[in-house]
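Now for the letters of each chain:
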Amino acid sequence: GSASWTATLRLELSKRIHEVWETSRSNVSVVAFAPNNGYFVLFENGSWQYNGLPDDLFEFLKKDLEKIAQIDHMLVSANSEWLVSFKDWKRSRWRCGALPSSASSWLLRLHGDD
């Protein structure tokens, strides 16, 4: 596959990251890119910025805002399939959405169902 950043996205994201850095001196902890200039950025202080995430991913995140600070990795495909893993193993270790059933089944066999 291929993906590209538009100049507008580069400028917007750079500006937002710089603003957080200027106000809190917090570094980026996690960054993920989504189709159509979407992105997710998590900072070490737990704050986050996003734009254009797949609807089901955004709904999953906003259900429990405390879990956002525990995100370890986030991946979003060009087809809006996604996977999020968490640092805090007391909670679910990972969640995924919009994956083909064969990929979901493979992940469940590999990691078990939380």
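Heads up: the structure comes first, above all this text.
Residues numbered from 1 in each chain as written. Predicted model: local features only at pLDDT ≥ 70, side-chain atom pairs only at ≥ 80, totals over all residues. Heavy atoms only, no water.

Peer 1: Is there a simple way to explain the pattern of salt bridges in this structure?
Peer 2: Where charged atoms from two side chains of opposite charge come close, those side chains can pair. Applying the stated rule across the entire model yields three salt bridges. The partner of Glu-12 in a salt bridge is Arg-16, and the shortest N-O contact between them spans 3.6 Å. Separated by four residues within a single helix, Glu-12 and Arg-16 lie in helix H1 (residues 7–24), roughly one turn from each other. Classification of Arg-16 as partly exposed rests on a relative accessible area of 29%. For the salt bridge of Arg-25 with Glu-22, the shortest nitrogen-to-oxygen distance reads 3.7 Å. (Salt bridge = Lys/Arg side-chain N within 4 Å of Asp/Glu carboxyl O. Helix = DSSP H or I, 4+ residues; strand = E, 2+ residues; numbered from the N terminus. Buried < 20%, exposed > 50% of the residue type's maximum accessible area, 1.4 Å probe, protein only.)

Peer 1: Looking at this structure, I do not really get the environment of Lys-62. What am I missing?
Peer 2: Mapping Lys-62 onto the fold places it in helix H2 (residues 55–63). Residue class for Lys-62 comes out partly exposed when judged on its relative accessible area of 41%. At a separation of 3.4 Å, a polar atom in the side chain of Lys-62 contacts the side chain of Glu-59. (Polar contact = N/O pair within 3.5 Å; in protein donor to acceptor, adjacent residues only side chain to side chain.)

Peer 1: Please explain a nonpolar patch on the surface as it appears in this structure.
Peer 2: Together, Val-28, Val-31 and Phe-33 make up an exposed nonpolar region whose accessible area comes to about 210 Å². Take Phe-33: it is sitting in strand E1 (residues 28–34). For Phe-33, a relative accessible area of 33% translates into the label partly exposed. (Patch = residues over 30% accessible without salt bridge, like charges linked within 9 Å, V, L, I, M, F, W, Y side chains within 5 Å. Areas by Shrake-Rupley, 256 points an atom, 1.4 Å probe, with all protein chains shown as cover.)

Peer 1: Please clarify how the pairing of strand E2 (residues 38–43) should be interpreted in this entry.
Peer 2: Side-chain positions along a regular strand alternate between the two faces of the sheet. Buried residues dominate E2, accounting for six of its six residues. Because side chains alternate across E2, one face comprises the buried residues Gly-38, Phe-40 and Leu-42, and the other comprises Tyr-39, Val-41 and Phe-43, equally buried. Here E1 runs beside E2; their pairing, made up of six bridges, is antiparallel. The residue bridging Val-30 from the neighbouring strand is Leu-42, located in E2. Turn length for the E1-E2 hairpin, with the two strands adjacent in sequence and antiparallel, is three residues, and the turn residue Asn-36 shows positive phi of about 55 degrees. The sheet contact formed by E2 and strand E3 (residues 48–51) spans four bridges and is antiparallel. Paired with Tyr-39 across the strands is Asn-51, a residue of E3. Joining the antiparallel neighbours E2 and E3 is a turn of four residues, in which Gly-46 adopts a positive phi near 95 degrees. (Pairing = 2+ DSSP bridges.)

Interpretation in functional terms is not warranted from these geometric data alone.
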